[in-house]
Every structure is written in structure tokens, then in C-alpha cells.
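These are the residues of each chain, in order.
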Amino acid sequence: MTSVLYDAPGPRAKRRNLLLSVLFSVLVALLLWWIWTAMDDKGQLKWDLWEPFTTADAWNTYLLPGLWGTLKAAGLSMVIALPLGAVLGIARLSDHRWVRVPVGAVVEFFRSIPVLLLMLFANELYAQSANVASEDRPFYAVVTGLVLYNSSVLAEVVRAGILALPKGQTEAAYAIGLRKGQTMSSILLPQSVTVMLPAIVSQLVVIVKDTALGGVMISYQELLAARSTLAANYANVIPSFIVVAVIFIVVNFTITSFASWLEGRLRRGKKSTGAVLSANDATIAGTAATGAGGGGGME
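In this report, the structure presented in the accompanying data block is examined. Here, residues in each chain are numbered from 1, in the same order as that chain's written sequence. Side-chain atom pairs in this predicted model are given and counted only at pLDDT of 80 or more, local residue features only at pLDDT of at least 70, and totals for whole chains, interfaces and linings cover all residues. Values shown for side chains rest on all heavy atoms present in the structure; no hydrogens or waters enter the calculation.

Quick look at the overall build of the protein now. Starting at the N terminus, helices and strands are each numbered in turn, a helix being any DSSP run of H or I of at least four residues and a strand any DSSP run of E of at least two. The secondary structure content of the protein amounts to eleven helices and zero strands. Only protein chains enter the accessibility calculation, which uses a 1.4 Å probe; a residue whose area is less than 20% of its type maximum is buried, one above 50% is exposed, and one in between is partly exposed. By the burial criterion, 33% of the 299 residues in the protein qualify as buried. The contact rule is simple, with two residues in contact once any of their heavy atoms fall within 4.5 Å. Relative to all contacts within the protein whose residues are 6 or more apart in sequence, the contacts with residues 24 or more apart total 73%. Total accessible area on the protein stands at roughly 18,900 Å², and carbon and sulfur atoms take up 66% of it. Values of accessible area rely on a 1.4 Å probe in the Shrake-Rupley scheme; residue burial ignores everything except the protein chains shown.

If you want it as C-alpha cells, here you go:
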């Protein structure tokens with residue numbers, strides 16, 4: 001198939017692509033074989049190290065509660081950060097300088113600070129100045145850090161997505177009498193969603209992974225922290241890392257798969273859904289438009 005952006009490869013290009021594919025497959029197979037032999041030499045493939053993951057005790061006591069902690073913090077952070085980021089991104093496009101400049105300063109400030117530092121600061125703030133129970137403090141600190149950082153990043157995503165639309169969209173909206181707020185909510189934001197969706201999904205995956213920082217630094221009971229306790233009890237450090245990595249991959253793959261489905265649905269929804277005219281209807285419509293036809297002429 002040949003298109004404007006893609007030319008079908010010729011015989012030499014096909015041979016080169018086939019050779020590169022075979023070479024890459026061989027290299028991947030060699031890497032996997034090396035990892036397997038290295039783990040076998042170190043005794044990391046013994047069944048005694050992997051057997052705990054086939055029991056309900058390891059999952060019910062460590063992994064599933066840790067996974068719930070990860071999903072709870074990430075889910076609440078997403079629910080808060082997404083609308084907050086949208087509001088901040090739209091505010092950065094305001095015509096009013098007194099709105100645009102302070103919001104821009106806030107976004108740039110929190111976007112420049114590492115999320116781990118925000119978590120540590122929030123944890124100390126809650127410990128010193130807020131009436132938060134010590135057992136709930138790590139959860140509040142993790143969510144606060146994730147919301148402050150990711151809402152600032154999402155604000156830039158929203159702003160870039162809106163600015164990526166053709167200016168004719170805004171000009172056409174103003175031409176038919178829509179105000180700026182109506183233009184933003186009815187025309188610009190709905191169209192920019194599909195443009196922003198890949199970047200938004202990437203940031204949601206980052207939120208899920210960054211919950212692990214809270215487990216390492218402020219003792220929040222998420223998946224990685226649960227893995228540490230599990231490995232201490234079963235003495236299976238490497239296998240526990242592998243299992244937790246697979247769980248993270250499954251969770252993030254689920255998020256990206258849902259986002260891909262949603263993006264496709266949104267793109268299909270933008271296609272024309274008007275009624276199809278029959279040949280007779282089209283003829284009548286054409287006749288009415290041109291003023292032709294009998295019965296209406298002067299005798």
C-alpha cells in the first residue's frame with residue numbers, strides 16, 4: 001500500500017527489514033537466555049523461591065493489600081489531578097493577565113519540583129501543622145504530592161492540546177456569536193480531547209508508578225512496600241521483584257488498552273452520523289435549491 005506519508009518497500013527494503021527483524025529476534029533470544037542462565041547459576045529459579053506466589057497467604061497478606069494501596073492512591077490522585085489540570089491549563093490561556101500570570105507561576109513551580117520532594121514536604125506538613133492521624137499521613141502525603149505535580153503537567157498538556165487546534169475553529173465560533181467560555185467548552189475542549197489523550201494516558205501511567213516512591217520513602221503501604229515485607233519473610237528478593245514488575249505491567253497495560261479503546265471510540269464518534277438521502281430525495285433537494293421544476297412557473 002502506498003500513501004502520501006508511506007511508500008511501499010521494494011525488494012531490497014523488504015530483504016533489509018527481514019534481516020533486521022531476524023537479527024533483533026536473535027539478540028532478544030540471546031538476552032533472555034543469558035538472563036535465564038544467570039538466574040539459574042545464582043539459584044534464583046529454585047521452586048522454593050517461587051512457591052509462595054502459588055499460595056493464598058502471599059497474595060492475601062502482602063500483594064493484594066499492597067496493590068489496593070497503589071490503586072487507591074493512584075485513583076484518587078487521577079480523579080483530583082485531571083479536572084484540576086484542565087482548569088489550570090484553561091486558566092493559562094485566559095485573556096486576563098491577573099489570571100494567566102499567577103496560574104502560570106504555580107504550574108511552573110510545581111512542575112519543576114520532583115514529586116518525591118513534594119511527598120516528603122507534604123508528609124512533614126501534615127505531621128507538623130495538620131490534625132491527621134499518623135497511620136493516614138503517608139496516604140495523604142502521597143496523594144498530595146501526586147496531585148500537585150501531575151496536575152501541573154496535565155495543565156501543560158491541556159494548554160498544548162488546545163493551542164494545537166487550527167485558529168479557524170475559534171474564529172468560526174466567534175463569527176457565529178459564541179463567547180469565549182462557550183467556545184472553549186463546546187468547540188475547543190471536545191476536539192482537543194483526542195489530541196491530548198495519549199499524553200494524558202502516559203501521565204496516568206506515571207501516577208501509578210510514582211506511588212512506589214511513597215512506599216520507599218514515607219512508609220506508605222503500596223505494592224512495592226508490600227513486596228519488601230514479603231521478600232523479608234520468604235527470602236525471595238529477585239522473584240518478588242519480578243512478580244511485582246509483572247503486576248505493574250498488567251495494571252498499566254490495562255490503562256493504556258482502555259485509553260486506546262476510548263480514543264478509537266471518540267474518533268469514530270466524530271465521523272458524520274447524518275441521515276443518508278435516497279436518490280429521489282437528493283433530486284428533490286437539488287431541484288428546490290436551483291428553483292427549477294414545474295408547477296411553480298408563470299403561465
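We are not done yet, so read on.
The next subject is helix α8 (residues 180-217). For a helix, the expected span equals 1.5 Å multiplied by the residue count minus one. Compared with the 56 Å implied by 1.5 Å per residue over 38 residues, the 45 Å span of α8 between its first and last C-alpha is markedly short. Note that the bend at a residue is defined as the angle between axes fitted to the seven residues ending at it and the seven residues starting at it. In the structure, α8 departs most strongly from a straight axis at M196, where the bend amounts to approximately 55° and where the proline P198 lies between one and four residues downstream. Immediately beyond the C-terminal end of α8, within one or two residues, lies S219, with a positive phi of roughly 60°.

With that settled, the discussion passes to the environment of A91. As for its position among the elements, A91 is in helix α3 (residues 56-91). Here A91 falls in the buried class, since its relative accessible area comes to 14%. When the C-alpha atoms of A91 and R159 are compared, they prove to be 8.9 Å apart, with 68 residues separating the residues in sequence.

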